[in-house]
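# Structural characterization, general
Chain residues, written in single-letter form:
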Amino acid sequence: MAKRSRTSIVYYASARATRWDYKYSLIAKLEELIKRLDFSQHIEHDDYVAVKTHFGSEGAHRIVRPIFLCKIVEGVKAVGGKPFVTDSTRILGWDYLEVANQEGINPLSVGAPVILADGIFGYDNVPVKAGPILGEISVCSAIHDAPAMVVVSHCKGHIQAGYGGAIKNISMGGVSGRHRSGDWKRARGHLHVPSEMDMVRNLEMCNLCLQCYHVCPTGAVLFDGADIFFDEDKCWRCGRCARVCPEEAITKGRELTEFQRGLAEAAQAVLSTFAPGKVLYFNFVLEVQPECDCMPVADTPLVQDQGILASTDIVAIEQASYDLINQAVPLPGSLAADKGLRQGDRILADALDVDAQEQINAAAELGLGSTAYELVEVESKD
Ligand code: SF4
Ligand code: SF4
(Lines give C-alpha, C1' and ligand atoms only; values in the text may rest on other atoms or scores of the structure.)
(Ligands and ions follow the chains in the order given, each with its own letter.)
Protein backbone atom coordinates (compact mmCIF):
# COMPACT_ATOMS: atom_id res chain seq x y z
CA MET A 1 0.00 0.00 0.00
CA ALA A 2 1.49 3.38 -0.99
CA LYS A 3 2.12 5.94 1.74
CA ARG A 4 -0.36 8.82 1.81
CA SER A 5 0.91 10.47 4.95
CA ARG A 6 1.12 14.02 3.60
CA THR A 7 0.04 16.09 0.65
CA SER A 8 2.80 17.60 -1.48
CA ILE A 9 2.52 20.71 -3.63
CA VAL A 10 2.94 20.22 -7.37
CA TYR A 11 3.01 23.42 -9.41
CA TYR A 12 1.42 23.12 -12.83
CA ALA A 13 1.60 25.35 -15.90
CA SER A 14 -0.87 24.45 -18.63
CA ALA A 15 0.41 24.22 -22.21
CA ARG A 16 -2.53 26.38 -23.33
CA ALA A 17 -1.65 29.96 -24.30
CA THR A 18 -4.74 32.12 -23.95
CA ARG A 19 -3.41 35.67 -24.44
CA TRP A 20 -1.07 37.44 -26.87
CA ASP A 21 1.41 38.24 -24.14
CA TYR A 22 4.81 36.64 -23.41
CA LYS A 23 3.79 36.22 -19.76
CA TYR A 24 1.28 33.57 -20.89
CA SER A 25 3.76 31.56 -22.96
CA LEU A 26 4.86 28.18 -21.66
CA ILE A 27 8.44 29.47 -21.55
CA ALA A 28 7.43 32.39 -19.32
CA LYS A 29 5.35 30.05 -17.19
CA LEU A 30 8.43 27.85 -16.74
CA GLU A 31 10.27 30.94 -15.45
CA GLU A 32 7.44 31.35 -12.93
CA LEU A 33 7.64 27.67 -11.91
CA ILE A 34 11.38 28.12 -11.29
CA LYS A 35 10.56 31.11 -9.09
CA ARG A 36 7.92 29.17 -7.16
CA LEU A 37 10.40 26.36 -6.34
CA ASP A 38 12.85 29.02 -5.08
CA PHE A 39 16.18 27.58 -6.20
CA SER A 40 17.97 29.66 -3.54
CA GLN A 41 16.54 27.33 -0.87
CA HIS A 42 18.08 24.27 -2.54
CA ILE A 43 21.24 25.40 -4.32
CA GLU A 44 24.17 27.07 -2.61
CA HIS A 45 26.64 29.44 -4.19
CA ASP A 46 29.20 27.49 -6.26
CA ASP A 47 27.22 24.23 -6.02
CA TYR A 48 27.80 22.09 -9.08
CA VAL A 49 24.27 21.26 -10.25
CA ALA A 50 23.47 18.29 -12.49
CA VAL A 51 20.62 19.20 -14.82
CA LYS A 52 19.61 15.64 -15.63
CA THR A 53 17.68 15.15 -18.83
CA HIS A 54 17.51 12.63 -21.68
CA PHE A 55 19.35 13.51 -24.87
CA GLY A 56 17.04 11.42 -27.11
CA SER A 57 18.14 9.13 -29.91
CA GLU A 58 18.87 9.28 -33.59
CA GLY A 59 15.22 8.82 -34.60
CA ALA A 60 13.39 10.19 -31.55
CA HIS A 61 12.88 13.94 -31.56
CA ARG A 62 10.29 14.49 -28.82
CA ILE A 63 12.68 15.37 -26.01
CA VAL A 64 12.63 18.33 -23.60
CA ARG A 65 13.56 21.18 -25.93
CA PRO A 66 16.80 23.11 -25.41
CA ILE A 67 14.91 26.39 -24.73
CA PHE A 68 13.43 24.84 -21.58
CA LEU A 69 16.82 23.45 -20.48
CA CYS A 70 18.26 26.94 -21.05
CA LYS A 71 15.68 28.52 -18.73
CA ILE A 72 16.47 26.01 -15.98
CA VAL A 73 20.20 26.59 -16.44
CA GLU A 74 19.55 30.35 -16.12
CA GLY A 75 17.62 29.70 -12.91
CA VAL A 76 20.53 27.75 -11.44
CA LYS A 77 23.05 30.40 -12.44
CA ALA A 78 20.85 33.16 -10.98
CA VAL A 79 21.39 31.73 -7.48
CA GLY A 80 25.13 31.21 -7.99
CA GLY A 81 25.07 27.52 -8.94
CA LYS A 82 27.29 25.94 -11.59
CA PRO A 83 24.99 23.88 -13.80
CA PHE A 84 25.95 21.18 -16.26
CA VAL A 85 23.41 19.43 -18.51
CA THR A 86 23.90 15.71 -18.42
CA ASP A 87 22.70 12.22 -19.27
CA SER A 88 24.30 8.79 -19.01
CA THR A 89 25.60 6.82 -21.97
CA ARG A 90 22.64 5.13 -23.65
CA ILE A 91 24.67 4.30 -26.73
CA LEU A 92 28.42 4.63 -27.13
CA GLY A 93 29.50 7.97 -25.67
CA TRP A 94 30.88 9.82 -28.66
CA ASP A 95 27.81 8.90 -30.71
CA TYR A 96 25.48 9.94 -27.90
CA LEU A 97 27.05 13.40 -27.65
CA GLU A 98 26.55 13.68 -31.41
CA VAL A 99 22.87 12.78 -30.91
CA ALA A 100 22.60 15.48 -28.22
CA ASN A 101 24.13 18.02 -30.57
CA GLN A 102 21.79 17.06 -33.41
CA GLU A 103 18.83 17.34 -31.02
CA GLY A 104 20.02 20.89 -30.36
CA ILE A 105 21.46 20.25 -26.88
CA ASN A 106 24.91 21.81 -26.77
CA PRO A 107 26.71 24.41 -24.62
CA LEU A 108 25.62 27.28 -26.88
CA SER A 109 21.93 26.37 -26.82
CA VAL A 110 21.58 25.52 -23.13
CA GLY A 111 24.20 27.90 -21.72
CA ALA A 112 26.12 25.26 -19.76
CA PRO A 113 28.52 22.37 -20.37
CA VAL A 114 26.85 19.27 -21.82
CA ILE A 115 28.52 16.15 -20.48
CA LEU A 116 28.02 12.42 -20.10
CA ALA A 117 27.45 11.64 -16.42
CA ASP A 118 29.37 8.36 -16.65
CA GLY A 119 32.07 9.54 -19.02
CA ILE A 120 32.69 9.15 -22.73
CA PHE A 121 33.16 5.37 -22.33
CA GLY A 122 30.35 4.88 -19.80
CA TYR A 123 32.67 3.50 -17.13
CA ASP A 124 32.75 6.39 -14.63
CA ASN A 125 30.53 5.33 -11.79
CA VAL A 126 30.40 4.70 -8.06
CA PRO A 127 28.81 1.60 -6.49
CA VAL A 128 25.91 2.54 -4.22
CA LYS A 129 23.86 0.30 -1.96
CA ALA A 130 20.36 -0.31 -3.29
CA GLY A 131 17.45 -2.46 -2.06
CA PRO A 132 16.80 -6.21 -2.12
CA ILE A 133 16.12 -6.43 -5.87
CA LEU A 134 19.31 -4.74 -7.06
CA GLY A 135 21.64 -5.11 -4.08
CA GLU A 136 24.18 -2.62 -5.36
CA ILE A 137 24.12 -0.41 -8.44
CA SER A 138 26.67 1.85 -10.11
CA VAL A 139 25.58 5.49 -10.00
CA CYS A 140 27.06 7.80 -12.66
CA SER A 141 29.92 9.66 -10.99
CA ALA A 142 28.99 13.17 -12.18
CA ILE A 143 25.57 12.69 -10.54
CA HIS A 144 26.99 10.90 -7.50
CA ASP A 145 29.48 13.70 -6.82
CA ALA A 146 27.22 16.69 -7.58
CA PRO A 147 25.83 18.37 -4.45
CA ALA A 148 22.54 19.28 -6.16
CA MET A 149 20.44 18.13 -9.10
CA VAL A 150 17.52 19.40 -11.16
CA VAL A 151 15.72 16.46 -12.78
CA VAL A 152 14.20 17.52 -16.10
CA SER A 153 12.03 14.75 -17.48
CA HIS A 154 10.01 14.23 -20.63
CA CYS A 155 6.91 12.24 -19.59
CA LYS A 156 5.87 9.55 -22.04
CA GLY A 157 5.17 5.85 -22.28
CA HIS A 158 7.64 3.04 -22.03
CA ILE A 159 7.21 -0.34 -23.62
CA GLN A 160 8.13 -2.19 -20.43
CA ALA A 161 7.71 0.25 -17.52
CA GLY A 162 4.46 1.65 -18.94
CA TYR A 163 5.48 5.21 -18.07
CA GLY A 164 8.75 7.10 -18.07
CA GLY A 165 9.07 10.30 -16.07
CA ALA A 166 11.29 11.47 -13.24
CA ILE A 167 11.72 8.07 -11.54
CA LYS A 168 12.85 6.47 -14.75
CA ASN A 169 14.99 9.47 -15.70
CA ILE A 170 17.14 9.11 -12.59
CA SER A 171 17.01 5.32 -12.22
CA MET A 172 17.78 4.06 -15.72
CA GLY A 173 19.39 7.37 -16.55
CA GLY A 174 21.33 7.90 -13.34
CA VAL A 175 22.91 4.47 -13.42
CA SER A 176 25.85 3.75 -15.64
CA GLY A 177 25.57 1.65 -18.78
CA ARG A 178 28.76 -0.23 -17.99
CA HIS A 179 30.95 -1.20 -15.08
CA ARG A 180 34.71 -1.14 -15.48
CA SER A 181 34.97 -4.73 -14.28
CA GLY A 182 32.81 -5.77 -17.26
CA ASP A 183 30.19 -6.99 -14.81
CA TRP A 184 26.83 -5.88 -16.26
CA LYS A 185 25.13 -7.03 -13.03
CA ARG A 186 26.47 -3.90 -11.36
CA ALA A 187 25.31 -1.59 -14.15
CA ARG A 188 22.04 -0.58 -15.85
CA GLY A 189 21.50 -4.01 -17.38
CA HIS A 190 20.86 -5.37 -13.91
CA LEU A 191 17.60 -3.44 -13.86
CA HIS A 192 16.44 -5.57 -16.79
CA VAL A 193 18.06 -8.91 -16.10
CA PRO A 194 18.45 -10.54 -12.67
CA SER A 195 21.88 -11.75 -11.69
CA GLU A 196 20.98 -15.40 -11.78
CA MET A 197 19.59 -15.30 -15.32
CA ASP A 198 20.80 -14.02 -18.62
CA MET A 199 18.90 -12.98 -21.72
CA VAL A 200 16.99 -15.97 -23.05
CA ARG A 201 17.05 -16.33 -26.83
CA ASN A 202 15.02 -18.93 -28.72
CA LEU A 203 16.10 -18.13 -32.23
CA GLU A 204 14.12 -20.96 -33.78
CA MET A 205 11.16 -18.58 -33.26
CA CYS A 206 12.91 -15.76 -35.12
CA ASN A 207 11.28 -14.45 -38.32
CA LEU A 208 14.34 -12.34 -39.23
CA CYS A 209 12.42 -9.06 -39.00
CA LEU A 210 15.75 -7.49 -37.88
CA GLN A 211 14.12 -5.06 -35.44
CA CYS A 212 16.50 -6.26 -32.70
CA TYR A 213 19.42 -5.59 -35.05
CA HIS A 214 18.21 -2.03 -35.68
CA VAL A 215 17.53 -1.08 -32.04
CA CYS A 216 20.66 -2.57 -30.44
CA PRO A 217 22.75 0.38 -29.21
CA THR A 218 26.05 -1.47 -29.02
CA GLY A 219 26.25 -3.51 -32.22
CA ALA A 220 25.80 -6.72 -30.21
CA VAL A 221 23.24 -8.07 -32.69
CA LEU A 222 24.94 -9.26 -35.86
CA PHE A 223 23.36 -10.26 -39.18
CA ASP A 224 25.25 -12.20 -41.86
CA GLY A 225 22.53 -12.01 -44.51
CA ALA A 226 20.95 -15.29 -43.44
CA ASP A 227 20.89 -15.43 -39.62
CA ILE A 228 21.27 -13.19 -36.60
CA PHE A 229 23.91 -13.72 -33.92
CA PHE A 230 24.68 -12.10 -30.58
CA ASP A 231 28.05 -10.88 -29.35
CA GLU A 232 27.72 -11.41 -25.58
CA ASP A 233 30.79 -9.29 -24.81
CA LYS A 234 29.18 -6.23 -26.40
CA CYS A 235 25.74 -6.79 -24.84
CA TRP A 236 24.84 -4.29 -22.06
CA ARG A 237 21.60 -6.19 -21.26
CA CYS A 238 19.59 -3.07 -22.08
CA GLY A 239 16.68 -5.28 -23.13
CA ARG A 240 15.73 -3.29 -26.22
CA CYS A 241 15.96 -6.37 -28.46
CA ALA A 242 13.55 -8.25 -26.19
CA ARG A 243 11.14 -5.31 -26.07
CA VAL A 244 10.79 -5.05 -29.84
CA CYS A 245 10.85 -8.73 -30.79
CA PRO A 246 7.41 -9.54 -32.23
CA GLU A 247 7.92 -13.31 -31.87
CA GLU A 248 9.08 -13.30 -28.24
CA ALA A 249 12.21 -15.03 -29.46
CA ILE A 250 14.17 -12.93 -26.95
CA THR A 251 13.14 -12.55 -23.35
CA LYS A 252 14.79 -11.12 -20.29
CA GLY A 253 14.42 -12.27 -16.78
CA ARG A 254 12.67 -9.70 -14.70
CA GLU A 255 8.94 -9.85 -14.11
CA LEU A 256 7.10 -6.58 -14.71
CA THR A 257 6.45 -5.91 -11.02
CA GLU A 258 10.05 -6.60 -10.09
CA PHE A 259 11.27 -4.36 -12.91
CA GLN A 260 9.02 -1.50 -11.80
CA ARG A 261 10.09 -1.87 -8.17
CA GLY A 262 13.72 -2.10 -9.29
CA LEU A 263 13.34 1.28 -10.97
CA ALA A 264 12.20 2.76 -7.64
CA GLU A 265 15.14 1.12 -5.88
CA ALA A 266 17.62 2.55 -8.36
CA ALA A 267 16.02 5.99 -8.01
CA GLN A 268 16.41 5.70 -4.25
CA ALA A 269 20.09 4.72 -4.65
CA VAL A 270 20.72 7.77 -6.85
CA LEU A 271 18.87 10.11 -4.48
CA SER A 272 20.75 8.70 -1.48
CA THR A 273 23.84 10.49 -2.80
CA PHE A 274 22.21 13.91 -2.18
CA ALA A 275 21.50 15.70 1.07
CA PRO A 276 17.78 16.29 1.78
CA GLY A 277 16.25 19.14 -0.23
CA LYS A 278 19.00 19.21 -2.87
CA VAL A 279 16.98 17.70 -5.74
CA LEU A 280 14.23 19.49 -7.69
CA TYR A 281 11.93 18.10 -10.37
CA PHE A 282 10.39 19.44 -13.58
CA ASN A 283 8.13 17.11 -15.58
CA PHE A 284 7.30 18.05 -19.16
CA VAL A 285 4.00 16.45 -20.12
CA LEU A 286 4.36 17.46 -23.74
CA GLU A 287 4.42 15.32 -26.89
CA VAL A 288 3.46 12.25 -24.86
CA GLN A 289 4.57 9.54 -27.23
CA PRO A 290 3.94 5.88 -26.40
CA GLU A 291 7.62 4.97 -26.24
CA CYS A 292 10.82 6.02 -24.54
CA ASP A 293 13.10 8.72 -25.96
CA CYS A 294 15.85 6.12 -26.36
CA MET A 295 14.06 4.20 -29.10
CA PRO A 296 14.87 4.83 -32.79
CA VAL A 297 11.45 6.35 -33.58
CA ALA A 298 8.92 8.68 -31.95
CA ASP A 299 5.28 7.87 -32.66
CA THR A 300 2.54 10.54 -32.64
CA PRO A 301 1.45 11.75 -29.17
CA LEU A 302 -1.32 9.85 -27.37
CA VAL A 303 -2.84 12.99 -25.83
CA GLN A 304 -2.68 16.75 -26.29
CA ASP A 305 0.18 18.64 -24.62
CA GLN A 306 -0.72 19.07 -20.94
CA GLY A 307 2.01 21.35 -19.65
CA ILE A 308 4.91 21.50 -17.20
CA LEU A 309 4.88 20.36 -13.57
CA ALA A 310 7.38 21.31 -10.85
CA SER A 311 7.86 19.97 -7.33
CA THR A 312 10.36 19.02 -4.67
CA ASP A 313 8.61 15.63 -4.29
CA ILE A 314 9.43 13.03 -6.92
CA VAL A 315 6.50 10.78 -6.06
CA ALA A 316 3.92 13.55 -6.06
CA ILE A 317 5.07 14.97 -9.40
CA GLU A 318 5.07 11.49 -10.94
CA GLN A 319 1.59 10.72 -9.63
CA ALA A 320 0.27 14.05 -10.91
CA SER A 321 1.88 13.60 -14.33
CA TYR A 322 0.66 10.02 -14.71
CA ASP A 323 -2.85 11.03 -13.69
CA LEU A 324 -2.88 13.95 -16.16
CA ILE A 325 -1.95 11.66 -19.05
CA ASN A 326 -4.32 8.87 -18.08
CA GLN A 327 -7.25 11.29 -17.66
CA ALA A 328 -6.68 13.24 -20.89
CA VAL A 329 -8.61 12.99 -24.15
CA PRO A 330 -6.92 10.57 -26.60
CA LEU A 331 -5.76 12.15 -29.84
CA PRO A 332 -6.96 10.97 -33.24
CA GLY A 333 -4.24 9.29 -35.26
CA SER A 334 -2.50 7.95 -32.15
CA LEU A 335 -1.97 4.50 -30.72
CA ALA A 336 -4.70 5.33 -28.19
CA ALA A 337 -7.17 5.98 -31.02
CA ASP A 338 -6.04 2.81 -32.80
CA LYS A 339 -7.03 0.93 -29.66
CA GLY A 340 -10.43 2.59 -29.54
CA LEU A 341 -9.74 4.37 -26.24
CA ARG A 342 -11.97 7.22 -25.09
CA GLN A 343 -11.76 9.81 -22.34
CA GLY A 344 -12.49 7.97 -19.12
CA ASP A 345 -10.26 5.07 -20.05
CA ARG A 346 -6.77 5.18 -18.54
CA ILE A 347 -5.14 6.41 -21.71
CA LEU A 348 -1.48 5.58 -21.19
CA ALA A 349 -2.01 2.44 -19.14
CA ASP A 350 -4.60 1.06 -21.56
CA ALA A 351 -2.72 2.05 -24.73
CA LEU A 352 0.35 0.12 -23.58
CA ASP A 353 -1.46 -2.54 -21.53
CA VAL A 354 0.94 -1.80 -18.68
CA ASP A 355 -0.03 -0.12 -15.42
CA ALA A 356 2.89 1.97 -14.15
CA GLN A 357 1.26 2.73 -10.81
CA GLU A 358 3.43 0.01 -9.26
CA GLN A 359 6.55 2.05 -10.05
CA ILE A 360 5.14 5.14 -8.32
CA ASN A 361 3.76 3.21 -5.36
CA ALA A 362 7.13 1.48 -4.86
CA ALA A 363 8.88 4.86 -4.74
CA ALA A 364 6.36 6.03 -2.12
CA GLU A 365 6.91 2.88 -0.07
CA LEU A 366 10.66 3.52 -0.13
CA GLY A 367 9.96 6.91 1.46
CA LEU A 368 10.86 9.00 -1.59
CA GLY A 369 7.66 11.07 -1.38
CA SER A 370 3.90 11.07 -1.26
CA THR A 371 1.32 9.98 -3.83
CA ALA A 372 -1.04 12.59 -2.37
CA TYR A 373 -0.62 15.93 -4.12
CA GLU A 374 -2.21 19.31 -4.51
CA LEU A 375 -1.99 20.74 -8.01
CA VAL A 376 -1.36 24.50 -7.85
CA GLU A 377 -1.85 26.12 -11.24
CA VAL A 378 0.49 28.87 -12.39
CA GLU A 379 -1.41 30.82 -15.03
CA SER A 380 1.24 33.30 -16.11
CA LYS A 381 4.59 34.75 -15.22
CA ASP A 382 4.15 37.10 -12.31
S1 SF4 B 1 20.16 -6.46 -24.64
FE2 SF4 B 1 19.81 -6.70 -26.84
S3 SF4 B 1 19.68 -4.60 -27.64
FE4 SF4 B 1 20.63 -4.46 -25.61
S5 SF4 B 1 22.85 -4.51 -25.96
FE6 SF4 B 1 22.19 -6.64 -25.62
S7 SF4 B 1 21.78 -7.45 -27.66
FE8 SF4 B 1 21.83 -5.21 -27.85
S1 SF4 C 1 13.38 -9.02 -33.32
FE2 SF4 C 1 12.95 -11.19 -32.84
S3 SF4 C 1 12.03 -11.98 -34.71
FE4 SF4 C 1 13.02 -10.04 -35.27
S5 SF4 C 1 15.09 -10.63 -35.96
FE6 SF4 C 1 15.24 -10.18 -33.77
S7 SF4 C 1 14.97 -12.17 -32.74
FE8 SF4 C 1 14.23 -12.40 -34.84
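The structure presented is a predicted model; accordingly, all values stated were derived computationally and were not measured.

A word on the overall build of the protein. The helix and strand inventory of the protein stands at 14 helices and 14 strands. For 382 residues, the compact-globule estimate of 2.2 N^0.38 gives 21 Å, and the C-alpha radius of gyration of the protein, at 20 Å, lies within 12% of that figure. Each principal axis of the C-alpha atoms in the protein carries an extent, and together these give about 65 × 50 × 45 Å. In the protein, which comprises 382 residues, the proportion classed as buried is 53%.

What follows deals with the site of ligand 2. What surrounds ligand 2 is a group of 14 residues, the closest being Cys206, Cys209, Cys212, Cys245 and Ala249. Residue classes in the shell around ligand 2 are distributed as eleven nonpolar, two polar and one charged.

Two elements in contact, helix 10 (residues 256-271) and helix 14 (residues 357-365), have axes whose closest approach is 8 Å; the angle formed by their N-to-C orientations is 40°. Considering the angle they form, helix 10 stands oblique to helix 14. The crossing of helix 10 and helix 14 is right-handed. Contacts between helix 10 and helix 14 involve Thr257, Gln260, Arg261, Leu263, Ala264 and Ala267 on the former and, on the latter, Glu358, Gln359, Ala362 and Ala363. Considered class by class, the residues forming the contact of helix 10 with helix 14 number five nonpolar, three polar and two charged.

On to the pairing of strand 3 (residues 82-87), then. The element strand 3 is largely enclosed, with a buried count of five among its six residues. As paired strands, strand 2 (residues 48-52) and strand 3 are joined by five bridges and run parallel to one another. When the bridges of strand 3 are listed, valine 49 appears paired with proline 83. Handedness of the β-α-β unit built from strand 2, helix 2 (residues 66-78) and strand 3 comes out right-handed. Alignment of strand 3 against strand 4 (residues 114-116), held across three bridges, turns out to be parallel.

Our next topic: the domain arrangement of the protein. Note on interface size: it is often stated as the accessible area lost on association of the parts. Once the domains are mapped, the protein shows domain 1 (7-190 + 255-377) and domain 2 (198-251). When each unit is reduced to the centre of its C-alpha atoms, the spacing between domain 1 and domain 2 is 28 Å. Each residue belonging to the side of domain 1 that touches domain 2 can be placed in one class, and the counts come to six nonpolar, three polar and three charged.

Further remarks concern helix 14. The element helix 14 is extensively covered by neighbouring structure, given that seven of its nine residues are classed as buried. On its buried face, helix 14 is in contact with helix 6 (166-171), helix 10 and helix 11 (314-327). Positioned one or two residues after helix 14, glycine 367 has a phi angle of 85°, which is positive.

In this section: the site of ligand 1. Not every one of the 14 residues close to ligand 1 is listed here, only the nearest: Cys216, Ala220, Cys235, Cys238 and Cys241. Its residues placed into classes, the shell around ligand 1 shows ten nonpolar, two polar and two charged.

Here we have eight strands laid out as an open sheet, ordered 4-3-2-7-12-13-1-14, and mixed in their pairing. Because the sheet does not close on itself, it has two edges, and the strands there are strand 4 and strand 14 (372-377). Between one strand axis and the next, the sheet turns through 25° on average, direction left out of account.

Let us look at the pairing of strand 5 (residues 125-129). In the case of a regular strand, side chains alternate between the two sheet surfaces. Note that strand 5 and strand 6 (residues 136-140) share five bridges and pair antiparallel. Paired with lysine 129 across the bridge in strand 6 is glutamate 136. In this structure, the hairpin formed by strand 5 and strand 6 is closed by a connection of six residues, where glycine 135 is found at a positive phi of approximately 75°.

On to helix 2. Every α-helix carries 3.6 residues per turn, so stepping three or four residues along brings you back to the same face. Along its 13 residues, helix 2 runs 18 Å from first to last C-alpha, staying within 8% of the 18 Å computed at 1.5 Å per residue. Among all positions in helix 2, only Pro66, Phe68, Leu69, Ile72, Val73, Gly75 and Val76 are buried. Its buried side turned inward, helix 2 meets helix 1 (26-37), strand 2, strand 3, helix 4 (107-110), strand 7 (148-154) and strand 12 (279-285).

Scoring rules and cut-offs
- Numbering of residues starts from 1 in every chain and runs along the sequence as written.
- To label them, take the chains in the order written and letter them from A, then take the ligands in the order written and number them from 1.
- At least 70 in pLDDT is required for a residue's local features to be given in this predicted model, at least 80 for side-chain atom pairs to be given and counted, and no such filter applies to totals for whole chains, interfaces and linings, which use all residues.
- Secondary structure elements are taken from DSSP: a helix is a run of H or I of four residues or more, a strand is a run of E of two residues or more, and numbering for both begins at the N terminus.
- Taken over C-alpha atoms, the radius of gyration is set against a globule rule of 2.2 Å times the number of residues to the power 0.38.
- Burial is judged by counting the other C-beta atoms within 10 Å of a residue's own C-beta: 20 or more makes it buried, 12 or fewer makes it exposed, and any count in between marks it as partly exposed, with every C-beta position built from the backbone.
- For each residue, a C-beta position is placed from the backbone atoms; the residue is near a molecule or strand when that point lies within 6 Å of it.
- In this classification, Asp, Glu, Lys and Arg are treated as charged, Ala, Val, Leu, Ile, Met, Phe, Trp, Tyr, Cys and Pro as nonpolar, and every other residue, Gly included, as polar.
- To obtain an axis, a line is fitted to C-alpha atoms, over the contacting stretch when the element is a helix, and the angle between two such axes runs from 0 to 180 degrees between their N-to-C directions.
- Each angle is binned into one of four classes, with values under 35 degrees roughly parallel, values over 145 roughly antiparallel, values of 65 to 115 roughly perpendicular, and all other values oblique.
- Left-handed describes a crossing whose near helix is turned anticlockwise from the far helix by less than a right angle; the clockwise case is right-handed.
- Each residue gets a C-beta atom placed from its backbone, and two residues are in contact if those atoms lie within 7 Å.
- Here, a strand pair is defined by DSSP locating no fewer than two bridges between the strands.
- The definition of a right-handed crossover adopted here requires that, viewed with the strands pointing away, the path from the first strand over the helix to the second runs clockwise.
- An automatic or database domain assignment provides the domain bounds reported here.
- The span one expects for a helix is its residue count, reduced by one, times 1.5 Å.

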